[in-house]
Amino acid sequence: MKEVTNIEEVPEFKSWMTPYLFVPEGAATYKDDWVVNDFTFEEIKYKLFAKNRLESWNPHLNNMFWKMSLEEVIELQLMLNKEHPQTDGWPFPTGLYIETKNVGFYKRRGIDIAGLLYEVLWKYGLHTVEGAIENGLPIIIESFEEDTLKDFWFKYQSNLPLVMLMRDSLIYSFDEI
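A brief look at the structure comes next. None of the values given here were measured: they were computed from a predicted structure.

### Some details on the overall build of the chain
- Counting its secondary structure elements, the chain contains 6 helices and 3 strands.
- What you see in the chain, going N to C, is helices and strands ordered as α-α-β-α-α-α-β-α-β.
- Relative to its full complement of 177 residues, the chain shows a buried share of 32%.
- Excluding contacts between residues fewer than 6 apart, the proportion of contacts in the chain whose partners are at least 24 apart in sequence is 54%.
- Placing the 17 positive and 29 negative side-chain charges of the chain at their respective mean positions leaves the two points 5 Å apart.

### A short note on the environment of Leu78
- You can see Leu78 is positioned in helix H2 (residues 70-83).
- On the basis of relative accessibility, which here comes to 23%, the residue Leu78 falls in the partly exposed class.
- C-alpha separation for the pair Leu78 and Asn135, spaced 57 residues apart in sequence, amounts to 8.0 Å.
- Ignoring sequence-local partners within four residues, the contact set of Leu78 consists of Tyr124, Asn135 and Leu137.

### Things to note about the pattern of salt bridges
- Throughout the structure, instances matching the rule amount to 7 salt bridges.
- Lys101 is the partner of Glu99 in a salt bridge, and the nearest nitrogen-oxygen pair spans 3.3 Å.

### What about the sheet that holds strand S2 (residues 139-143)?
- If you walk across this open sheet you meet the 3 strands as S1-S2-S3, and the pairing is parallel. Only two strands of the sheet have a single partner each, and these edge strands are strand S1 (96-99) and strand S3 (162-164). Across the sheet, the axes of successive neighbouring strands diverge by a mean angle of 20 degrees, strand direction being ignored.
- Across 3 bridges, the pairing between S2 and S3 is parallel. Pairing of Glu142 across the sheet is with Val163, part of S3.
- Running at roughly 160 degrees to S3, helix H6 (residues 146-155) makes contact with S2 and S3 of the sheet.

### A closer look at the pairing of S1
- In S1, alternate side chains face the same way, and those of Leu96 and Ile98 are buried while those of Tyr97 and Glu99 on the opposite face are not.
- Bridge analysis of S1 against S2 gives 4 bridges, and the strand direction is parallel. Its bridge partner lying in S2, Tyr97 is registered against Ile140.

### Observations concerning the packing of H2 against helix H4 (residues 113-123)
- Taken N-terminus to C-terminus, the directions of H2 and H4 make an angle of 30 degrees; their axes are 10 Å apart at the nearest point. Compared by their axis directions, H2 and H4 come out roughly parallel. Our pair here, H2 against H4, has a crossing hand that is right-handed. Residues Leu70, Glu71 and Ile74 of H2 lie in contact with H4, whose contacting residues are Leu117, Val120, Leu121 and Lys123.

### A closer look at a nonpolar patch on the surface
- The grouping of Met68, Leu76, Met79 and Leu80 at the surface amounts to a nonpolar patch, some 300 Å² of accessible area in total.
- Counting through the fold element by element, Met79 comes out in helix H2.
- By relative accessible area, which is 32% here, Met79 ends up partly exposed.

What counts and how
Residues numbered from 1 in each chain as written. Predicted model: local features only at pLDDT ≥ 70, side-chain atom pairs only at ≥ 80, totals over all residues. Heavy atoms only, no water. Helix = DSSP H or I, 4+ residues; strand = E, 2+ residues; numbered from the N terminus. Buried < 20%, exposed > 50% of the residue type's maximum accessible area, 1.4 Å probe, protein only. Contact = heavy atoms within 4.5 Å. Lys, Arg positive; Asp, Glu negative; His and termini not counted. Charge placed at Lys NZ, Arg CZ, Asp CG, Glu CD. Salt bridge = Lys/Arg side-chain N within 4 Å of Asp/Glu carboxyl O. Pairing = 2+ DSSP bridges. Axes fitted to C-alpha atoms, helices over the stretch in contact; angles between N-to-C directions. Parallel < 35°, antiparallel > 145°, perpendicular 65-115°, else oblique. Left-handed = near helix turned anticlockwise from the far one by under 90°. Patch = residues over 30% accessible without salt bridge, like charges linked within 9 Å, V, L, I, M, F, W, Y side chains within 5 Å. Areas by Shrake-Rupley, 256 points an atom, 1.4 Å probe, with all protein chains shown as cover.

Spatial relationships are all this shows, so hold off on functional conclusions.
Here is the structure:
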């Protein structure tokens, strides 16, 4: 969390740092960091501010914005698409490109990230291509974890566009993807 929030500046959370090495499914490693599932949404939303993960991104935006829930993002984008539609000749409304993160980590703890995401999209009628078009909010789902995309397609029967992200450090069988 220290890469994307101001958590190191919040005294009440100093003791919550986890000293162990966290290695999510072949991704980057995190040591001496905080784990998001140790916090309530209210703690993340109202006590932490977002910051840019990369130094090359504009640092003047650091600590200016609270985190938003997916529902808040969906409602905001639906409102913006309705009240301020594209006027530059582009025929499509602005959509959401959603990436799931560390799904395997949470799955081992009994949390179904793909299922939670599907439930939120279903609530807004955005769980299918047809629903996303009808509601004016195109949706694309991406993940580094193949099981998430398979769950979306097979378990939840969603036909939303799915993007499989790949790491250069892993070997993939393109026959199985």
